[in-house]
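# A closer look at the structure
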Amino acid sequence: MSRERHEAQVEDTSTSEKVERADLGSCDAKFFDPNNAEAAALREKVAAMAMEDMLKWLDYEGPEEQENNNNGNSLKASFRRLSSSNSGSDWGVCRKYSRVAIYDATNSTKARRDWVLEECTCPVKRAGKRTGVIFVESLCDDQELLDQNFQFKIQNSPDFKGMSKEEAIADLRSRVEKYESQYETISDDSRSYIKIYNLSSKLMVNHIYGRMAKVIVPALMAWNIGTRPVFICRAGQTTDDGNTVVNANHRKASLRGDVLGHTGRRFTDALAEYILSEGIKFMENRENVVSLDTGTSVSGLRHSNSSCDFTDMPSLEMPFSAHIMTSTMPRAIETATWERLPFPVHQISNLNPLDKGDFTGMELEEIKEADPDWYGKLEQDPFRTRYVQALHIRVIIVSSH
């Protein structure tokens, strides 16, 4: 996976592959008892496997990097990689884009964290392989949130297969108690760490600097155990279908993209019906999975905070909230403005179409006729094709980070 051009990978010590490699079966609460020496040794074995796999992935040089090194361009390649990595911390191996590995393990004791730091940063073991380490600690004292998290855990973890709901909850609570018996919070302020409270309702960061902080901290604030549908669509059609009589000013505005045509208005109505249907379906399904009123990020946008009035909507079985974002173009705003679903529309200039440079004011059909060679390049690679005397999408994305 990747986020904002930075490659990322999760190394989970509980994955089935590593469990099989360590000859482990299903793990109940007894397996996490600190007094169980045999289980402790197996846990350390699995942790070492995950660490080994993670460091191999961090150190891996892709074909492009290997080619640069083989061709004697390592200095140039290294400079390019360093220029895009975090200047304030030793992040990853020097590569074009930083790599971030998530070592998904409990690491709840100081001794385990010392081991992680040693494995990743030891100047002998990791000579010439600069790697920064940030510890992420999640703290939760919201009992309702914990209860719902437990429900989510027993529904999705293979450790609880074959157990009844009551047995699974009891086993999980016993497991948590065993963790708590040896738990040591992060208190060494000389290290880089982030503490997350109640699923990102509050964050505390320590020694987090540089460009990577702009990626990691917002990502942690956004991640949660809830789900929300996201829909992306283009604005409705602006050109008229020829069957509707319009005055000259309306036709001019339509051709310019300021207003929707007849087909565009039909699309707007259909889009409203679709969002209504999907919203109801989501809320119905959500009641069977995770539904909290704690105000934490897992709850998303609660209907109690909605500014919409659903009293005049008898066909709506249950209210839901939505965050609507459009460009500042009139056609986009009109597409997302629905009488039946009066959600506020947030206009964001970053969603506006690209400046077309020398082609400003021209539709794509006109550009195709005026410059067929350039239009062919646009069709082949719209992400990297630059408008004449303007920018392309890739440059805007890269420069924004």
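Here the residue numbers are simple positions, counted from 1 along each chain's written sequence. Where totals are concerned, whole chains, interfaces and linings use all residues; where local detail is concerned, this predicted model gives features only for residues with pLDDT of at least 70, and gives and counts side-chain atom pairs only at 80 or more. To obtain the side-chain values, all non-hydrogen atoms of the structure were included, while hydrogens and water were left out.

On to the pattern of salt bridges, then. We define a salt bridge as a side-chain nitrogen of Lys or Arg found within 4 Å of a carboxyl oxygen belonging to Asp or Glu. Overall, the coordinates contain 14 salt bridges when judged by the stated rule. Across the pair Arg126 and Asp59 runs a salt bridge, and its minimum N-O distance is 2.8 Å. In this pair, Arg126 is assigned in the loop between helix 5 (110–121) and strand 4 (135–139) and Asp59 in helix 2 (residues 37–59), connecting sequence segments 67 residues apart. The buried label applies to any residue whose accessible area, calculated with a 1.4 Å probe on protein chains only, is under 20% of its type's maximum; exposed applies above 50%, and partly exposed to all values in between. Overall, the relative accessible area of 6% leaves Arg126 in the buried class. Linking Asp114 and Lys110 is a salt bridge whose minimum nitrogen-to-oxygen distance equals 3.0 Å. Pair noted here: Asp114 and Lys110 are both in helix 5, with a separation of four residues, about one helical turn. Residue Lys110 is classed as partly exposed on the basis of its relative accessible area of 45%. Helical segments are the DSSP runs of H or I of at least four residues, strand segments are the runs of E of at least two, and each set is numbered from the N terminus.

Think of a nonpolar core as a cluster: buried Ala, Val, Leu, Ile, Met, Phe, Trp, Tyr and Cys residues, connected wherever their side-chain atoms sit within 4.5 Å. Judged by nonpolar contacts, the single largest core of 15 residues is most densely connected at Met51, Met54, Leu55, Tyr103, Val116, Cys120 and Phe135. Of all elements in the fold, only helix 2 and helix 5 reach the threshold of two or more residues within this core. It is helix 2 that contributes the most residues to this core, seven residues altogether. Membership of the second largest hydrophobic core comes to 13 residues, among which are Ala272, Ile280, Met283 and Ile324.

A word on the sheet that holds strand 6 (residues 202–206). Between any two strands, pairing holds if DSSP finds at least two bridges. Strands sit in the order 4-5-6 across an open sheet of three strands; the sheet is mixed. With partners counted over all chains shown, the strands left at the sheet margins are strand 4 and strand 6, one partner each. For this sheet the average axis-to-axis angle between neighbouring strands, irrespective of direction, equals 15 degrees. Two elements, strand 5 (residues 193–197) and strand 6, share five bridges in a ladder whose sense is antiparallel. Following the sheet pairing, Tyr193 is matched in strand 6 by Asn206. Comment: axis = line fitted to C-alpha atoms, over the contacting stretch for helices; angle = value between 0 and 180 degrees taken between N-to-C directions.

Time to look at helix 13 (residues 372–380). Taken as a whole, helix 13 has its buried residues at Trp374, Tyr375 and Leu378. Take helix 13 and look down its axis: the buried residues cluster within an arc of 100 degrees, on one side only. In helix 13, the exposed residues that point more than 90 degrees away from the buried face are Pro372, Asp373, Lys377, Glu379 and Gln380. A contact between two residues is defined here by any heavy atoms of the two lying within 4.5 Å. Buried residues in helix 13 make contact with helix 12 (364–370). Within this analysis, the arc is defined by the directions that extend from the helix axis to the C-beta atoms.

Attention now moves to the packing of aromatic side chains. Any pair of Phe, Tyr and Trp rings, taking the six-membered ring for Trp, is counted once the centres come within 6.5 Å. Such a pair is stacked with planes under 30 degrees apart, edge-to-face with planes over 60 apart, and tilted for the rest. A complete count under the given rule lists four aromatic pairs for this structure. Consider the rings of Phe320 and Phe343, whose centres lie 5.7 Å apart with planes at 50 degrees: the pair is tilted. Here the residue Phe320 occupies a position in the loop between helix 10 (262–286) and strand 7 (324–326), and Phe343 occupies one in the loop between helix 11 (330–335) and strand 8 (345–347), the gap between them amounting to 23 residues. A relative accessible area of 6% places Phe343 in the buried class. Working rule: Lys NZ or Arg CZ, within 6 Å of ring centre, within 35 degrees of ring normal, means a charge sits over the ring. Here the guanidinium or amino end of Lys202 rests over the ring plane of Tyr197, the centre of that ring lying 4.4 Å away.

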